[in-house]
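Residue-level structure breakdown
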Amino acid sequence: MEIVPQRKINARKKRVSILYAYPLTALFAALCVLIFALFYKGGGAEALLGKESLKEELEIAVAPKEAAVQAEVKSIKPNSSGRLFPFISGGLWGYKNAALAEVISPAFLYAHEFYDGQTAFAAVEKEGELCYGLINRSGEWVAPPVWSNAKRFSEGLAAVEFGGKWGYADNTGRLVIAYSFSEAGEFSNGRALVRSGAEYGYIDLDGDYAISPQFDAAGDFSSDMAFAKKNGKYYIIDKVGEKIATLGKERGVRFSQGFAAINNGDGTYSYFNTSRKRAFRQVYEGAGEFSEEYAAVKKDGRWGYINTSGVMVIQNLFLEAREFSQNRAAVMDEGGKWGYIDKAGERIAPCLYDEAEKFIMGYALVSAGGVKGFIDRAGEFYELAGG
């Protein structure tokens, strides 16, 4: 083995270090020139690249970003989720969301709510006639306007009128049950009340008669029972038309939450349970349907609310009272104006309104002095002014 003296080793290391230093020095110098060119305003990058060349490169880099931003701004639309409220502007109806942003521009002579969540009936004029079609939540026609009248959806179908006869369509506008009836009601418990001649019967969801026409008058099914009148007598019938109770002079409209308000035929009202027996001993001057376990009743000339045990849980203080929905009910005070209470009887919206509807999806439509709007669950009012 050759022994190399230490001085030779050091010399070699020095030569290697110098060899590495030259490229590093050159690279450092190039970086300095580039930095100077970029930041020196007397010429800088423009002097190195050429002014026009730099401008072109900047335009190429920025243009796609600007186009993307513009496209993004154009694509932003008002939120169409949640409840949409019909509003009128310039004699035409459109829709706004709960933030009062216009979601569907006014274009219709009349507009229903989106009762099934996805589609709504809206009307336009065709050849001098009001014609209804189905729109989606973007305001586009799902089914063209061909119907002279339309009712809300229930159990997936809506009654629609064409050529003086009623049939049923689904939420795509497809006719499911043919135009065969002079009158047509909403489906409930798989039955809809219809009339094709002088008498009423019930059809099922396929459009077949479940109960043949035979009644002078009848109500909707609930709890698999309905009230019907035949030959001057009132009955409770089941879903195949069998008479399960004869009422005599008593009559009712429908069961709700296991109870039915009954007109006793002598100016008083009471309640039946599903066993067709008197539910409570009390009688009232007026009685409404049960909803959310409360029912409005009239006693001593004023309305209050009872629970399903027949106990007066909200005192009879109101000129009128409507059913509870989402723990809120519309009530009328002595001045003839509507407001809202909660289930504890506490006032959550003052009696200021000429019209007051029930709460749906957290809001209730109201109007005062011709001004239409809605209130939220806290009673805050929002005006649905024309946009």
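Residues numbered from 1 in each chain as written. Predicted model: local features only at pLDDT ≥ 70, side-chain atom pairs only at ≥ 80, totals over all residues. Heavy atoms only, no water.

Moving on, we come to the confidence of the model for the protein. Per-residue pLDDT for the protein has a mean of 85; in total, 80% of the residues score no lower than 70. In this model, residues 1-24 is a region of pLDDT below 50 whose contacts with residues beyond four sequence positions or in other chains number one contact. Throughout residues 32-75 the model reports pLDDT below 50, and contacts reaching past four residues in sequence, or to other chains, amount to 12 contacts. (pLDDT = per-residue confidence, 0-100. Contact = heavy atoms within 4.5 Å.)

Turning next to the sheet that holds strand 24 (residues 294-299). Taken in spatial order, the four strands of this open sheet run 23-24-25-26, and their pairing is antiparallel. Among the strands making up the open sheet, the edge pair consists of strand 23 (286-291) and strand 26 (312-318). The average undirected angle you get between the axes of adjacent strands in this sheet is 20°. Note: strand 24 against strand 25 (residues 302-307), six bridges, orientation antiparallel. Looking at strand 25, one finds that A296 is bridged to Y305. (Pairing = 2+ DSSP bridges. Helix = DSSP H or I, 4+ residues; strand = E, 2+ residues; numbered from the N terminus. Axes fitted to C-alpha atoms, helices over the stretch in contact; angles between N-to-C directions.)

So, about unusual backbone geometry. Positive phi is not limited to glycine here, since D224 has a value of about 65°. Within the secondary structure, D224 sits in the loop between strand 16 (217-218) and strand 17 (226-230). Phi angles above zero are rare outside glycine, and M361 is one such case at about 55°. Within the secondary structure layout, M361 lies in the loop between strand 31 (355-356) and strand 32 (363-368). The exposure class of M361 is partly exposed, given its relative accessible area of 49%. (Buried < 20%, exposed > 50% of the residue type's maximum accessible area, 1.4 Å probe, protein only.)

Moving on, we come to the environment of F255. Mapped onto the elements, F255 comes out in strand 20 (residues 251-256). When the C-alpha positions of F255 and F227 are compared, they lie 8.8 Å apart, and in sequence the two are 28 residues distant.

Right, let's get into the packing of aromatic side chains. Tallied over the full model, the rule gives 24 aromatic pairs. For the ring pair Y271 and F290, a centre distance of 5.3 Å and an interplane angle of 65° mean the geometry is edge-to-face. You can see Y271 sitting in strand 22 (residues 269-273) and its partner F290 sitting in strand 23, a full 19 residues away along the chain. A relative accessible area of 1% places Y271 in the buried class. Given a relative accessible area of 2%, F290 falls into the buried group. Summarising the aromatic geometry, the rings of Y363 and F374 are spaced 5.3 Å apart at their centres and angled 80° between planes, so their arrangement reads as edge-to-face. Taken together, the residues span a long stretch of sequence, with Y363 in strand 32 and F374 in strand 33 (residues 371-376) at a distance of 11 residues. Y363 sits in the partly exposed class, given a relative accessible area of 22%. (Phe/Tyr/Trp six-rings, centres within 6.5 Å; stacked < 30°, edge-to-face > 60°.)

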